[in-house]
Amino acid sequence: MGFLSYLISGLGLGSVYAIIALGYTMVYGIAKMLNFAHGDVIMIGAYVSFFALNSFGLSLPVTILLAVTVCTALGIVIEKLAYKPLRQASSLAVLITAIGVSYFLQNGAQLLWSSSTKVFPSVFGNGSITIGSLSVSILTIITIMTCIVVMVALTLFINKTKTGRAMRACSEDKGASTLMGINVNSIISITFAIGSGLAAIASLLLCAAYPSVFPTLGSMPGIKAFTAAVFGGIGSIPGAFLGGLLLGIIEIFAKAYISTQLSDAIVFAVLIVVLLIKPTGLLGAKQNEKV
Amino acid sequence: MEKKKNIFAALFGEGVRNRTFSFIIVIAAYIILESMRRSGSLSSLFTGLLVPICCYVIAAIGLNLNVGISGELNLGQAGFMSIGAFTGISVSGCLASSLTNPTLRLIVSILVAMLVAVIFGLIIGVPVLKLQGDYLAIVTLAFGQIIMSLVTNMYLGFDENGFQFSFVENRTKLAKGGKMLLSGPMGANGTDRISTFTVGAVMIVLALLVVYNIMYSKSGRAIMAARDNRIAAESVGINIARTKMLAFVISAAMAGAAGALYGLNYKTLVPAKFDFNTSILILVFVVLGGLGNMTGTIIATVVLVLLPELLRPIADYRMLTYAIILILTMIITNNPVVRKFFGGLKLRRDTAGREA
């Protein structure tokens, strides 16, 4: 294992973080809230894919479709039931509600499917491609490719479609958007739907790499991806992409060259240093103070 | 007659009523619970919860100073509790033979724990002065994670030759009669359980005294001015960095003290106890109790610590019910109609003081 191979596995892990971070950053950009339940949507996606593959023996494309559909619906329902009544409330109240939703999903999953770990079936096989002395697993390649596809599709969607333009308008100024005839509520729902759908894709990639499914599965990737979103500048889509990739690379390098046990501490220490130098993240919009 | 009225005004007049009320609640609760405990009419479950409740109350009061009064979201309060807990356990462990009076040893341990928490508060406080809003929140979260990760990898032993410390791997070689104070992910084992409910109650009263003294003093008004309008506060000569730092460090000290009390209440304590979820738990106490409202924080803490226990009859569903109660409480208390109805109770909207 050399530098290059660490770099590639870092990119693989970072791609998963990036896809999750996109969910955080989009919701933050438009609804101005930290959706702490996002990690648990990943967990639900993982369980849905697990049962689809294992118990119902569905094929991979059908499983992906099913997981994305369930998570998207879940995202919309959560937003409508828990967050919509708090549109006018303080950001802390929304944060606590999101934590409540997170507890609800975790404990609900524990009740329904028990807390014991389930082994996720191998979906992409164990194959790898060897170029010279470098060996890259198929899974890593699929993960990176998925991330690129998601990124390109999302950028096109945000920049080229009418809905995307409405989303950008909402993130700038909700009041003015309403006056321009944009239905802010439905834009927020669409944002949650996209974020949760991406979480479902991330859950499959995550479980393919770490094949165990349990009720608190989403917590740590959730925190890391949230960190990645802030790292890149929360609210910025390219920022989430960049932040996710960098976080994955830093984590793998820290594990490989410094210490496995301390890798989390190193990741968070790098985050703090970056925020001290660039207080709004790598690609975050500069906050102008109104005097 | 005149004098009596003055005393009444001093205790229950406009502005002090809430403060007096919170002291009365704490002292009354202490007297009732302590007499119940002594007469043995308190179930063992609730007796066991007395000290942890005190710890959470102290940590929550500290966090409320930070989040409610100073307006900075802190997601790493458990990190300071962790520092306090393992410092307290270590101090108590190495003083076990030289200081035999358990209460005195507890007090010394708590004081040292507070001191260490203050030092960390000062170090971590530096980014607090540079960042705002959600970026600050993520930095406190990151510090909480770093502290947990570091404590999980610390090995500290103590024998006749002094301390032995190693990191990541356990390389301590203790002489006979030596004692492991910290053993990595296993945390602390065989701690003397010297925490008492009385000390906990006294600490709550002290914490309230400190917070109220700050809130109703010049520095407190400066802290709140900095929260409500940073620029305006700066323009009248308030040193924003200093005031924010003051609130942050006092909050850290309280969390450290709470942690020491908590750590010395259990025979074994693992570092993973003070994870992100614990930070969030304390934040929930503060937000449900009301930002800047100490009485509310105390009540919310007691209710929310007891709630899972009270829900025990529905066993499997208790945490699910807890989550639903949490969500419903937030939605109902933030409903405009309900808010209007309770308008007289001065529910404050968006006291987090985020700048738009």
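Structure's up top.
This structure is a prediction, so every number in the text was calculated from the model and none was measured.

Trainee: For the pairing of strand 2 (residues 162-167) of chain B, give the residues involved together with the corresponding values.
Mentor: Here 6 bridges tie strand 1 (residues 154-159) of chain B to strand 2 of chain B, and the two strands are oriented antiparallel to one another. By the bridge assignment for strand 2 of chain B, B:Tyr155 is matched with B:Ser166.

Trainee: Tell me about the pattern of salt bridges, and please be specific about residues and values.
Mentor: Side chains that differ in charge, positive against negative, can pair when their charged atoms come close. In total, this model carries 10 salt bridges over all chains according to the counting rule given. The residue A:Asp264 makes a salt bridge to A:Lys224 at a minimum N-O spacing of 3.2 Å. With A:Asp264 in helix 11 (residues 263-277) and A:Lys224 in helix 9 (residues 219-232), the pair connects residues that are 40 residues apart, well separated along the chain. The class of A:Asp264 is partly exposed, set by a relative accessible area of 23%. Exposure remark for A:Lys224: the relative accessible area of 4% places this residue in the buried category. A salt bridge links B:Lys244 to B:Glu72, with the nearest nitrogen and oxygen atoms 3.0 Å apart.

Trainee: Describe the packing of helix 11 (residues 276-289) of chain B against helix 12 (residues 294-310) of chain B, with residues and values.
Mentor: Residue and element names in this part refer to chain B. It is the contact of helix 11 with helix 12, at a shortest axis distance of 7 Å, that shows an interaxial angle of 125°. Relative to helix 12, the element helix 11 lies oblique. Here helix 11 runs over helix 12; the crossing is right-handed. Of the residues in helix 12, those touching helix 11 at Val284, Phe285, Val286, Leu288 and Gly289 are Gly296, Thr297, Ala300, Thr301, Leu304 and Val305. Looking at the contact of helix 11 with helix 12 residue by residue, the class counts come to 7 nonpolar, 4 polar and no charged.

Trainee: Explain the environment of A:Ser137 to me, and be specific about the residues and the numbers.
Mentor: Residues and elements named next belong to chain A. Residue placement: Ser137 occurs in strand 3 (residues 134-137). On the basis of relative accessibility, which here comes to 28%, the residue Ser137 falls in the partly exposed class. Sequence separation between Ser137 and Phe124 is 13 residues, and the spatial gap between their C-alpha atoms is 9.6 Å. Residues within four places of Ser137 in sequence aside, it is in contact with Gly127 and Ser128. For Ser137, the side chain forms a polar contact with the side chain of Thr140, separated by 2.8 Å.

Trainee: Help me get a handle on the sheet that holds strand 2 of chain B, residues and values and all.
Mentor: Strand pairing in a sheet is mediated by backbone hydrogen bonds. Such pairs are either parallel or antiparallel. All names here are of chain B. Pairing within the open sheet is antiparallel, and its 3 strands lie in the order 2-1-3. On the outer flanks of this sheet lie strand 2 and strand 3 (179-183), each paired with one strand and no other. In this sheet, adjacent strand axes meet at a mean angle of 15° when their direction is disregarded. Helix 4 (residues 77-95) rests against strand 1, strand 2 and strand 3 of the sheet, and its axis sits at about 175° to strand 3.

Cut-offs used in this document
Residues numbered from 1 in each chain as written. Chains lettered and ligands numbered in written order. Predicted model: local features only at pLDDT ≥ 70, side-chain atom pairs only at ≥ 80, totals over all residues. Heavy atoms only, no water. Pairing = 2+ DSSP bridges. Helix = DSSP H or I, 4+ residues; strand = E, 2+ residues; numbered from the N terminus. Salt bridge = Lys/Arg side-chain N within 4 Å of Asp/Glu carboxyl O. Buried < 20%, exposed > 50% of the residue type's maximum accessible area, 1.4 Å probe, protein only. Axes fitted to C-alpha atoms, helices over the stretch in contact; angles between N-to-C directions. Parallel < 35°, antiparallel > 145°, perpendicular 65-115°, else oblique. Left-handed = near helix turned anticlockwise from the far one by under 90°. Contact = heavy atoms within 4.5 Å. Nonpolar A, V, L, I, M, F, W, Y, C, P; charged D, E, K, R; others polar. Polar contact = N/O pair within 3.5 Å; in protein donor to acceptor, adjacent residues only side chain to side chain.

From the geometry alone we can't say anything about function, so treat these as descriptive.
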